[in-house]
Amino acid sequence: MAKYAPTSDRERNRLRKQYLEKGPFPELIDFSRPIVVVRGDAIRNGRAGYPPQVALNTKLMAGWPAHHLQAMIVDSLDDPLPIQATPEERKRFDRGEPLLVRANMVGLRPERSSGGQVTDDIETQIKDAFAVNVFVLFERLRHLVPLRDGKNVRNWADRDSAKQFIFEKELLPLPWPEQDHCKTGKRRFRVVDTAWRNGQRQRFLQCLYPSGKMLRREIATWAEGFRGKRRDMIAEEIRFQKTQFVALNMCRERAKEFRRVEYQISASLRQEPDGDGFFDSRLAEVAAGFNHPIDAGAAFPAVYAGDFDPRLMFHRLASLKSFGFIRDIGRIARGQSAPWSPAQFLKRIECSRRYLTEQPEMFVERQHPELMSGREFLLYAYKICDDQCAACLAS
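Rules and cut-offs
- Each residue is numbered by its place in its chain's sequence as written, counting from 1.
- In view of the model being predicted, local features appear only for residues whose pLDDT reaches at least 70, and side-chain atom pairs are presented and counted only at 80 or more, with totals across whole chains, interfaces and linings using the full set of residues.
- Hydrogens and waters are ignored; side-chain quantities use all the structure's heavy atoms.
- Strands are runs of DSSP state E lasting at least 2 residues, helices are runs of H or I lasting at least 4, and numbering of each runs from the N terminus.
- Accessible area is worked out with a 1.4 Å probe on protein chains only. A residue is then buried under 20% of its type maximum, exposed over 50%, and partly exposed in between.
- Pairs of residues are marked as contacts when any of their non-hydrogen atoms sit within 4.5 Å.
- Here the Shrake-Rupley method, with its probe set to 1.4 Å, supplies the accessible areas, and only the displayed protein chains count as covering residues.
- Put simply, a salt bridge is a Lys or Arg side-chain nitrogen that is within 4 Å of an Asp or Glu carboxyl oxygen.
- A residue's pLDDT is the confidence the predictor assigns to it, expressed on a 0 to 100 scale.
- What counts as an axis is a line fitted to C-alpha atoms, over the stretch in contact for a helix, and the angles between N-to-C directions run from 0 to 180 degrees.
- For any helix crossing, the convention is left-handed if the near helix is rotated counterclockwise from the far helix by under a right angle, and right-handed if that rotation is clockwise.
- We call Asp, Glu, Lys and Arg charged. Ala, Val, Leu, Ile, Met, Phe, Trp, Tyr, Cys and Pro are nonpolar, and the rest, Gly among them, are polar.
- Under the rule applied, a polar contact is a pair of N or O atoms within 3.5 Å (in protein, one hydrogen donor and one hydrogen acceptor; residues adjacent in sequence only if both atoms are side-chain atoms).
- Here, expected helix span is obtained from the residue count minus one, scaled by 1.5 Å.

### Here's the deal with the overall build of the chain
Counting its regular elements, the chain contains 15 helices and three strands. Within the chain, the proportion of its 395 residues that are buried is 47%. Of the contacts made within the chain by residues no fewer than 6 positions apart, 73% connect residues no fewer than 24 positions apart. Total accessible area computed for the chain in this model is approximately 20400 Å², and 50% of it derives from carbon and sulfur atoms.

### Thoughts on the environment of serine 322
Residue placement: serine 322 occurs in the loop between α12 (296-306) and α13 (323-333). Residues serine 322 and phenylalanine 300 lie 22 residues apart in sequence; the distance between their C-alpha atoms is 9.4 Å.

### Digging into the pattern of salt bridges
Tallied over the full model, the rule gives 28 salt bridges. A salt bridge links arginine 159 to glutamate 139, with the shortest nitrogen-to-oxygen separation between them at 3.5 Å. With arginine 159 in helix α6 (residues 159-171) and glutamate 139 in helix α5 (residues 121-149), this pair connects stretches of sequence that are 20 residues apart. Overall, glutamate 139 belongs to the buried group, its relative accessible area being 0%. A salt bridge links aspartate 193 to arginine 197, with the nearest nitrogen and oxygen atoms 3.0 Å apart. Residue aspartate 193 and its partner arginine 197 are located together in helix α7 (residues 185-199), separated by four residues, close to a single helical turn. Take arginine 197: its relative accessible area is 47%, and that puts it in the partly exposed class.

### A look at the confidence of the model for the chain
When pLDDT is averaged along the chain, the result is 80; 73% of the residues meet or exceed 70. For the chain, per-element mean pLDDT is lowest for helix α3 (residues 56-62), which scores 63, and highest for α7, which scores 95.

### Comments concerning the packing of α12 against helix α15 (residues 374-394)
Helix-helix packing is characterised by the crossing angle of the two axes and by the distance between the axes. Packing of α12 against α15 leaves a shortest axis separation of 8 Å and a crossing angle of 35°. Crossing hand, α12 versus α15: left-handed. Each of Gly297, Phe300, Pro301 and Tyr304 in α12 lies in contact with α15, whose residues at this interface are Gly374, Phe377, Leu378, Ala381 and Ile384. Partitioned by chemical class, the residues of the contact of α12 with α15 number seven nonpolar, two polar and no charged.

### Thoughts on the side chain of glutamate 170
You can see glutamate 170 is positioned in helix α6. Side chain to side chain, glutamate 170 and arginine 148 meet in a polar contact 2.8 Å long. Of the polar contacts made by the side chain of glutamate 170, one reaches the side chain of lysine 242; its length is 2.6 Å. Among residues more than four places away in sequence, those in contact with glutamate 170 are Leu141, Val145, Arg148, Phe165, Lys242 and Glu370.

### Structural notes on helix α10 (residues 231-271)
If you check α10, its first and last C-alpha atoms are 60 Å apart, about what 41 residues at 1.5 Å a residue would give, namely 60 Å. Where burial is concerned, most of α10 is hidden: 29 out of the 41 residues are buried.

Written out as structure tokens, the structure reads:
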């Protein structure tokens, strides 16, 4: 098994997609489409209808469109396929309510050498994006915080003094990944400080910001646009920036966790390659992302800031098609090229803004006073892109 195991994210995901689209039972069920699972005895006893009806908000939260569903009748969540469900979902299933699920494959990984763990492509990309974001966020807060507070309590031109203040007062109190081993403020400071140092390196910086060495000057010019504005407007921009930091930090830890659990699953399969049973259900729950009660709105800020596809790690978001558009408007905000014209962006943004208004159940509400909800973040990002596209059209 280890001999033929894929060695990169790209190969693993190619094989995973091929398996989902072409097998193992294409004549029975299409793994590339959402599946409505309903209990067989619930249909026989009249407790559930057929075809089963799934509530619209469930489909939206899962990321599926309101159509394109297929049904599967089972008498147990382990028959005919191992279906992972949260305790609440299992209770609903036992009562006869249908569940909306998606199929996904766990990527087989080669046995690790004694030299340590191989960092995934996506993990490296997120780590680099996190570092660049920390540096850019620091530069922006160095200008915005004095404007928000209305006074200079320190020499903000002194980067070491500003860094100490921003890290301790503005960033470390924010929500931190639950699974992260950095439980103390000292360790977290070290993580952020290391990211800040790495984020200034040109080979990282130019992956997201084409201006490279000119970025500090560009940020200073950008910040001058907030001088004289109301305090709440400056605070809203700061919340927008901090939300990206928290989302990237969450994805940074999830990438490491996902890699670790796939290694554990692969090791268990190597030990018993011909076993009849399935691997540890607790590992499967982590691989599927059940330990991360995440909705799309929590991932959008990281996608906007880091330009990566989160569906590789958060399988419960695997059906969402809109991450490509969020990546595009993030590129536009950073001065990178994008595939659409300004007029096309404006048209797409208007449609998306209307959809957010019509579907309030799509995102959870904001849980932290210094952060934006998914809906607030998208609307703010759309406004930035609106202004940029309008300026391009005017010129």
